[in-house]
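Descriptive analysis of the structure
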Amino acid sequence: MGTLAAFAADLANRPEPALRKLLLLRPDALNPPVPTFAALAARLSTASCISRALDALNAPALQHLGTGPWNAQTSPNSSLMPELYARGLLLLQTDNQTDDAGTGHYMHAPYVLPLALVPNPQMPSSTLPPEPVVRAVTEAVCKNAAGSAADALLRSVDTLADLAAHTPLQALRSGQFAARTVRLVAQNLETDELHTHFLLDLCATAGLLTFQTSTRDWRWAAPWWSELERQEQWVGLIRSWLSSPATAGEPALTSRARLLSVVAGRPACAPVAVTSSATTSVSPSGITSAGALSLNSVVESYLWNHPRTATAEVAALPELLTHLEWLGLTGAGACSCAGDAAARNDWLQAASAVAQLLPAAIDRFVIQGDLTAIAPGPLLPHIAAQLRCVSVVEGRGPAGIFRFSELSLTAAMGAGMSAETILNFLKRYSSTTVPPSLEFLIAEAARAQRTLAPTPTQCLFAPQQPAPPHWVGDAPWPGSGVVLLEEVEAQLALLRAAGKNTAGKNEAGQGEVGPALVLEGVRRAVACGLKIRVHAVNNVGVTEHVTAVPVSFSGGLLLTRLADTGAPRRFSIHRIQSVDVLEGEELRG
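Residues numbered from 1 in each chain as written. Predicted model: local features only at pLDDT ≥ 70, side-chain atom pairs only at ≥ 80, totals over all residues. Heavy atoms only, no water.

Now for the overall build of the protein chain. Along its length, the protein chain carries 22 helices and 19 strands. When each of the 589 residues of the protein chain is scored for burial, the buried share is 46%. Pairs at least 24 residues apart make up 66% of the contacts formed inside the protein chain by residues separated by at least 6 positions. Carbon together with sulfur atoms contributes 56% to the accessible area of the protein chain, which is approximately 28000 Å² in total. (Helix = DSSP H or I, 4+ residues; strand = E, 2+ residues; numbered from the N terminus. Buried < 20%, exposed > 50% of the residue type's maximum accessible area, 1.4 Å probe, protein only. Contact = heavy atoms within 4.5 Å. Areas by Shrake-Rupley, 256 points an atom, 1.4 Å probe, with all protein chains shown as cover.)

The subject of this paragraph is helix 20 (residues 436-449). Compared with an ideal rise of 1.5 Å per residue, which puts 14 residues at 20 Å, helix 20 spans 20 Å between its outermost C-alpha atoms and is within 8% of the ideal. Taken residue by residue, helix 20 has Leu438, Leu441, Ile442, Ala445 and Ala446 as its buried positions. Each buried residue of helix 20 lies within a common arc of 140 degrees when the element is viewed along its axis, so the set occupies one face. Across from the buried face of helix 20, at angles greater than 90 degrees, the exposed residues are Pro436, Phe440 and Arg447. Summarising the contacts, the buried residues of helix 20 are in contact with strand 11 (366-367), helix 18 (406-414) and helix 19 (419-429). (Expected span 1.5 Å × (residues − 1). Arc of directions from axis to C-beta.)

Turning our eyes to something else, we now look at the confidence of the model for the protein chain. Per-residue confidence for the protein chain gives a mean pLDDT of 79, with 78% of residues at or over 70. Note on residues 477-481: pLDDT under 50 across the span, and twelve contacts to partners over four residues away in sequence or across chains. (pLDDT = per-residue confidence, 0-100.)

With that out of the way, let us pick up unusual backbone geometry. A cis amide bond links Asn31 with the next residue in sequence, Pro32, at an omega value of -5 degrees. Structurally, the position occupied by Pro32 is in the loop between helix 2 (16-25) and helix 3 (37-44). With a phi close to 55 degrees, Arg216 is a non-glycine residue in the positive phi region. With respect to the secondary-structure elements, Arg216 resides in the loop between strand 6 (209-212) and strand 7 (217-220).

Right, let's talk about the pairing of strand 18 (residues 568-572) for a bit. Looking down a regular strand, the side chains alternate between one sheet face and the other. Bridge count for strand 17 (residues 557-562) against strand 18 is five bridges, and the pairing is antiparallel. Note that in strand 18 the partner of Leu559 across the bridge is Arg570. In sequence, strand 17 turns back onto strand 18 through a hairpin of five residues, with Gly566 there showing a positive phi of about 80 degrees. (Pairing = 2+ DSSP bridges.)

Overall, antiparallel pairing links the four strands, which are arranged 11-12-14-13 in an open sheet. Each having just a single partner strand, strand 11 and strand 13 (392-395) make up the two edges of the open sheet. Direction of pairing for strand 11 relative to strand 12 (residues 372-375): antiparallel, over a ladder of two bridges. Directly across from Ile367, in strand 12, lies its bridge partner Ala373.

Read from one edge of the open sheet, three strands run 5-7-6, paired in antiparallel fashion. At either end of the open sheet lies a strand with only one pairing partner, and these are strand 5 (169-170) and strand 6. As paired elements, strand 6 and strand 7 share four bridges and run antiparallel to each other. Paired with Gln212 across the bridge in strand 7 is Asp217.

Another point: the pattern of salt bridges. This model, assessed by the stated rule, comprises 18 salt bridges. With a closest N to O distance of 2.8 Å, Asp28 and Arg52 form a salt bridge. You can see Asp28 sitting in the loop between helix 2 and helix 3 and its partner Arg52 sitting in helix 4 (residues 47-55), a full 24 residues away along the chain. In this structure Arg52 comes out as partly exposed when scored by relative accessible area, which is 36%. Note that Glu444 is salt-bridged to Arg447, the shortest N-O span being 2.4 Å. One end of the pair, Glu444, and the other, Arg447, are both in helix 20, three residues apart, so they sit about a helical turn from each other. One network of salt bridges, with partners in common, ties together Glu16, Arg20, Glu489 and Arg496. (Salt bridge = Lys/Arg side-chain N within 4 Å of Asp/Glu carboxyl O.)

What follows is about the nonpolar core. Soluble globular proteins tend to pack their nonpolar side chains together in the buried interior. Formed by 62 residues in total, the largest nonpolar core has its most connected members in Leu208, Leu209, Trp225 and Trp234. If you tally residues by element for this core, the top one is helix 7 (residues 139-166), at eight residues. Once you skip the residues sitting within four places of it in the chain, Leu209 turns out to touch Leu160, Ala164, Leu169, Phe177, Leu200, Cys203, Ala204, Trp218, Arg219 and Trp220. Met417, Ala419, Phe425 and Ala445 belong to the second-largest nonpolar core, a separate cluster that totals 28 residues. (Core = buried A, V, L, I, M, F, W, Y, C linked by side-chain atoms within 4.5 Å.)

Now for the packing of helix 11 (residues 255-263) against helix 14 (residues 317-327). Here helix 11 crosses helix 14 at 75 degrees, and the two axes come no closer than 11 Å. Judged on the interaxial angle alone, helix 14 and helix 11 are roughly perpendicular. For the pair helix 11 and helix 14, contact is made by Ser255, Arg256, Leu259, Leu260 and Val263 and by Leu317, Leu320, Leu321 and Leu324, respectively. Taken together, the residues of the contact of helix 11 with helix 14 break down into seven nonpolar, one polar and one charged. (Axes fitted to C-alpha atoms, helices over the stretch in contact; angles between N-to-C directions. Parallel < 35°, antiparallel > 145°, perpendicular 65-115°, else oblique. Nonpolar A, V, L, I, M, F, W, Y, C, P; charged D, E, K, R; others polar.)

The next point concerns helix 16 (residues 347-357). Among the residues making up helix 16, those that are buried are Trp347, Gln349, Ala350, Ala351, Ala353, Val354 and Leu357. Among the structural elements, helix 7, helix 10 (230-243) and helix 15 (337-343) are those in contact with the buried residues of helix 16.

Dropping the structure here:
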C-alpha cells in the first residue's frame, strides 16, 4: 500500500472528534469540500496545504518532524507526536517486529515534506520557549492607553469619512494614494503622513474606501458607518487589519495575527471563535501578568513560535508593534483585554471589552446662537447620523462641532426631511432651546426648497442604502482562515456518506486523487529504482502504455529510458493518466 493510500486509510479510521479537530486545524482543506477520504488525503498532501500546516508549528515541533521515523514509545520528543498526528503531519504505522510489550507502533510523515522544511539557520534550538523580558504595566495604564488609542482611531475614521464623502481622494494610476492627497488628509486629521497612510490603507482594507478606476480616485463607500455602535466599528477595523496580508503573497493567517498571538502570550490564533470570557489576568498588585514585552523578546518569541516565516517577517515587527498600539490592541506595550479577545477570535468579548474602554455615547448636544451644535462626546449612532444630515462637521476632536447652514438644511430636505421633522429632531435631542436664528434659517431653507415634504424622516442613511456588515459575532471574515463549525460538520457528513472509501487505483485520473497518485508513484519509483508502466496521452490524443526505467523527475518532467530498447523518453506530468510501479523489478547494475 502506498503512502497516500495508507494516509487515506488512517483518516478513515480516525474517530469523528479527531477528524473534526484535524479539519479545524487545517481549514484550507475544506474549500471546496472533498467527497472521499482518498480525496481528503490528496488535498492534505499538496505542497501548499503542507506549507500552511508547517507554518503553524513552533521550532521544536518543526525540528522533530524532520528527524523521523521514530518509535512512538522511545522517542525523546514523544510528547509532540499527538499534536503532529492530530494535524495530519504524522501517520501511525505498525511494524512487524514487536517489543517486549507486544507493540511496534512507529510514526512517520505521511508524505514527502517540501524543501521549505530545511532548518532555518536562525531557528532556535531550545525545546522551551525563550524567557521574555517584561516591563511591568499596571492595569489602569494599559486600559487608559488602549482606550485612548481606540477612541482616537474611530474619531480619525469619522473625520476621514466626512472628508472623503464630500471630496474624492485622488490616486495614482496604480491606485496608490497620491502624495498630495496624503498631505491634505494629514492636515485634516492633524497627524503625520505615516499615520495617515496607515489609516487610509486600513479604511481601504475594510472596504470603507473603494477605488474608482474610471476617475482614478478613492471614494467613501460606507454610508452606514455612522449607524454602527462604536465597538462594532472597532471590531470591523480590527478584523480587516488582522485578515489582510502585511506583505504581498502572505497566507491567510498573516504575520499581523501571528504577532498579536505572540504579544498576547498565545501560540496561534484559534481556528474558531472561542466562547471563553477569560481576559488578560491581573495580579493582586494591579500589574497585568503579560506586561509589556521588550522588542528583543517579541522577536525571539516570534522566531520560536513561527520559525518558517519569521526570517521574512522579523524586519516588519517594530512597525507592526506600533500599529498594535494605534489600534488599541495593546496599551503602553501590554496586550489589552480587547486585544487578548481578538487574539482568540472571540469578537463578542472583544466588542464588550473595548466598549468598556471607550467613552460612553451620549444622547444630547448643545445648540448655540452662532448656528453650531456641540456634542461633548460621541453621540449615539442614530443621533449622529441625523445630525450629520442637517449640518456639516466643522470641529474635530473629543467634542464634535456641527455647523448649520442653508445649504446643509436644503440638502437634508432634498433627502426627504421636512422643516417640521428637522425642528422636532433638534428640539428632542438638544439640551438647550433652538435659537430663533436657526428656526428662521430652517424656514428659509424650506422656502428655497419650495416644498414642505410631509413624508416620514429619511436621510442619507435611509433603508435603501446598503446594509451594514455584521462584524461582531462568529461569522468568518474574508481571508482570515476562520472556519465555521457548520462547514466542518458539512464536510464530515460528506465523508460519512461516502463511507471508508480509501481506494487508490480505481480513482486514478479522477479529481485530486489521480494526480496525487501519479506523483507519489513517480517519486517512489525514482527513489527506489523500480520500473514503472506509464499510461500517458501522446501528442495526438492517443493513450500509450509504456514500460520504462525512471531516471529523474524535476520541474514536472519525467525522464525515463524505455525498458526494451534503452532509448530516452520524456513525459510531461500533466499527460500521465496513471503509473503502475512494478514491484520486485528493481534496476540492476
